[in-house]
Amino acid sequence: MILRRFEVPGLAHYSYLIASDGHAVVVDPQRDVALYMDFARAKGLRIDHVVETHIHADYASGAPALAGATSATLWLSGHDIDEQFEYAMPHSEVRDGNEVLFGKLKLVAVHTPGHTPEHLSFLLYERQGCGQPLGILSGDFLLIGSLGRPDLLGESEKQALAAQLFHSAQTRIADVPDGTIVYPGHGAGSLCGVGIAERPESTVGYERQCNPFMIPSTQDSFVSKILGSVPQFPPYYKRMKELNSKGFPTLDQLPGGVSLTAAETLKELELGALMLDVRSADAFGGVHIPGSFNIGAGPNLSLWAGWVLPYEGKILLVGDDSSGDLLDVRKSLIRVGHDETFGYLRGGINAWIAAGLEQAHLPQISVGELQKAALSGEFVLDVRSPAEWKSAHIASAVHIPLGDLSERIDEIPRDATIHVICGSGYRSSIACSILQRASLPEIRNTMGGMAAWFAQKLPTIPG
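Residues numbered from 1 in each chain as written. Predicted model: local features only at pLDDT ≥ 70, side-chain atom pairs only at ≥ 80, totals over all residues. Heavy atoms only, no water.

Turning next to the sheet that holds strand β20 (residues 364-365). Taken in spatial order, the five strands line up as β20-β24-β23-β21-β22 in an open sheet, and their pairing is parallel. A strand with exactly one partner marks an edge of an open sheet, and here the two such strands are β20 and β22 (398-399). The sheet contact formed by strand β23 (residues 418-421) and strand β24 (residues 443-446) spans three bridges and is parallel. The residue of β24 that forms the bridge with histidine 419 is arginine 444. The strands touched by helix α14 (residues 426-437) are β21 (379-382), β23 and β24; relative to β24, the strand with the most contacts, the crossing angle is about 170 degrees. (Pairing = 2+ DSSP bridges. Helix = DSSP H or I, 4+ residues; strand = E, 2+ residues; numbered from the N terminus. Contact = heavy atoms within 4.5 Å. Axes fitted to C-alpha atoms, helices over the stretch in contact; angles between N-to-C directions.)

What follows is the structure in structure tokens.
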């Protein structure tokens, strides 16, 4: 047997390829599906089946594209009928108790609603084995140290979904042996659950004993606990749900491959294109193209691009002068449905500078400078998550989480210097770029963020 986990850092998305006797199943694939085909080709495998646990909200699913590219059977939940979101693409329906057979193995579907109404988990068995499951591919139902959030369908549905989640946790997998390995759909850092552990695997027995949402309780106390703990809700999740239910279009080629001169880039910007600067916060602060969003390249790009970038109009990319065609950035963008990426500035920011075009800057300050500003009564904006804010924050700071900033710009004074801080300087630079685009005149980014503030043992308050 082969069981290979693929991870998308930042989104903390796990997908799996499982194979036996040359036949493979892929569970919950990401949008850029070539990696599964490359792996299968290298191992001499045929991908016969593509399986989804549910209609995803946090990333663009690659299931239809992978099934189409490999002529595999696309297995999707049949428990979506008459729900808010239903699968619209051609597929084979799988319901509770149905089996997917491949080689000497099989997957048996278990309906585990709560995160979503149609959610399925899949028990992995040897077909000629002892009758006990080897593992459970639990999707976004059972996460390591947590359960999937039940509020994806909005206020009107979350109480009922939380109750379904309680029954899934307490009864739907009650007969699954303690030794069964849990292969979840997400790891630590995902916003699909709160407090997800950093371990990529666990066992059902360990989760029963140690997962705070699996420990036996009353339904009312469970519902209150899990709804009281859900992370922030990224608005783009609603869009992902709708588009994943319809099926994202198969991409003939990766968007964003058009190489543009500085003059061509300027023309596109004048016609309404958006500029995404993927350099580091300090590089962006030194010089950038006016009106740019700054979301640094790396594992968190997909998450924040989904959360803060508009989904209308062309996106242009700029990196440093050695960043080439920004291939990894372009892959990160399609993982959250940004197919409108058009091209990149050839030669990076240095090409813009060499052309003598207009430039903008973002002052970078130390935590020592921020403390002086705070003590003198200047405006300090903390854009960290609610949990980080509750843990400890600067006494005079105002809290607006980064994901909410665009909708709450009017709460920021226009006649003051705005000093922005996050955990490290990454999110605060994104926030500063949003504020600059809103024409706030005096913005400062705090390098090192609260990590540097804590390192200097500067004062904070909790709660």
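Take unusual backbone geometry next. Positive phi is not limited to glycine here, since aspartate 28 has a value of about 55 degrees. A relative accessible area of 3% means that aspartate 28 is categorised as buried. The phi torsion at leucine 326 lies on the positive side, around 55 degrees, for a residue other than glycine. Among the residues examined, leucine 326 registers a relative accessible area of 9% and is labelled buried. (Buried < 20%, exposed > 50% of the residue type's maximum accessible area, 1.4 Å probe, protein only.)

Mapped onto the elements, aspartate 382 comes out in strand β21. A relative accessible area of 0% means that aspartate 382 is categorised as buried. A polar side-chain atom of aspartate 382 sits 2.8 Å from a polar atom in the side chain of arginine 384. (Polar contact = N/O pair within 3.5 Å; in protein donor to acceptor, adjacent residues only side chain to side chain.)

Here six strands make up an open sheet; going across it, the order is β7-β8-β9-β10-β13-β14 and the pairing mixed. Where the open sheet ends on each side, the last strands, each with one partner, are β7 (99-102) and β14 (202-203). As judged from the three bridges shared by strand β9 (residues 120-126) and strand β10 (residues 135-139), these two strands associate in the antiparallel manner. Each bridged residue has a counterpart across the sheet, and for phenylalanine 122 the counterpart in β10 is leucine 137.

Enumeration according to the criterion identifies 20 salt bridges in this entry. Here aspartate 382 and arginine 384 are joined by a salt bridge, their closest N and O atoms 2.8 Å apart. A single burial state applies to aspartate 382 and to arginine 384, both of which are buried. (Salt bridge = Lys/Arg side-chain N within 4 Å of Asp/Glu carboxyl O.)

So, about the pairing of strand β16 (residues 274-277). Alternating residues of β16 divide into Leu274 and Leu276 and Met275 and Asp277, and every residue in both groups is buried. Pairing geometry for β16 and strand β18 (residues 315-318), over four bridges, is parallel. Bridge assignment links leucine 274 to a residue of β18, and that residue is isoleucine 315. For β16 and strand β17 (residues 293-294), the ladder comprises two bridges, and the chain directions are parallel. Its bridge partner being in β17, aspartate 277 is matched across the sheet by asparagine 294. With helix α8 (residues 281-286) bridging β16 and its parallel neighbour β17, the resulting β-α-β unit is right-handed. (Right-handed = clockwise from strand over helix to strand, strands pointing away.)

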